[in-house]
Amino acid sequence: MTTAPETRGNVDIRDAERADLLAVKRIENASFPQPWPYDAFERYLDAPGFLVAIERGERPDDTLDTADVVGFVVADLVPNHGEGLGHVKDLAVHPERRGGGVGESLLATALGTLSAHDAATVKLEVRESNEAARSLYEKFGFQPLRRVPRYYDNGEDALILVRELR
């Protein structure tokens, strides 16, 4: 089941395609001190919640291309005692587009997609120091479950956050 393109604000959210991966990787590199490798994104191309935000341009034919990718989210489903568990694995917005609601649009669409795929709960990991991300997740009702010491390569702790969808 693919996600129908959805317009939110000045971006369209749609399923990621192979042609988007270079733009996704560039955003990842600009966003994180320990970015995912390119092949990690390739592995998630079929995940129901690998979505990209495409900036709506002023093109006369209203076309969109991969140069317009301004953010992405990678989310998937894992079995969990008979109920689907959604997992938001990665979310990033181009540094020049942060603060304009792109991350909110991506997260809202990903949560809707996971819910449509019968996820009852969604979890994610976030750096304890990432105040902007923690604020976004709190806004969407994520609650802290536990802290994982030295989760990241640099020794920083992660917070495991969860949200019920049902």
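Structure: above.
My aim in this report is to walk through the structure given alongside it, one point at a time. None of the values given here were measured: they were computed from a predicted structure.

## So, the packing of aromatic side chains
Counted under the stated rule, the structure contains 6 aromatic pairs. Ring centres of Y151 and Y152 lie 4.9 Å apart, and the angle between their planes is 80 degrees; on these two criteria the pair is classed as edge-to-face. The buried category is assigned to Y152, whose relative accessible area is 17%. A network of ring pairs unites the aromatic residues W36, F41, Y44, F50 and F72 as a single cluster. The side chain of R127 reaches across the aromatic face of Y152, ending 4.0 Å from its centre.

## Observations regarding the pattern of salt bridges
What the rule picks out here adds up to 11 salt bridges. Across the pair R147 and E128 runs a salt bridge whose closest N-O atoms are separated by 2.0 Å. Of the two residues, R147 sits in strand β7 (residues 143-148) while E128 sits in the loop between β6 (119-127) and α4 (131-139), which places them 19 residues apart along the sequence.

About the criteria used
Along every chain, residues carry numbers that run from 1 in the direction the sequence is written. Local features in this predicted model are restricted to residues of pLDDT 70 or higher, and side-chain atom pairs are both shown and tallied only at a pLDDT of 80 or more, whereas totals for entire chains, interfaces and linings draw on every residue. Only hydrogens and water are set aside when side-chain values are computed; all heavy atoms of the structure are taken into account. Stacked, tilted and edge-to-face are the three classes applied to pairs of Phe, Tyr and Trp rings, where Trp contributes its six-membered ring and a pair requires centres within 6.5 Å; stacked means planes under 30 degrees apart, edge-to-face means over 60, and tilted covers the rest. Here's how the labels work: a residue is buried when its accessible area is under 20% of the maximum for its type, exposed when over 50%, partly exposed in between, all with a 1.4 Å probe on protein chains only. A positively charged side chain is recorded as over a ring if its NZ (Lys) or CZ (Arg) lies within 6 Å of the ring centre. The angle to the ring normal must also be within 35 degrees. Salt bridges are identified by distance alone: a Lys or Arg side-chain nitrogen within 4 Å of an Asp or Glu carboxyl oxygen. Secondary structure is summarised from DSSP: a helix means a run of H or I of at least four residues, a strand means a run of E of at least two, and numbering begins at the N terminus for each.

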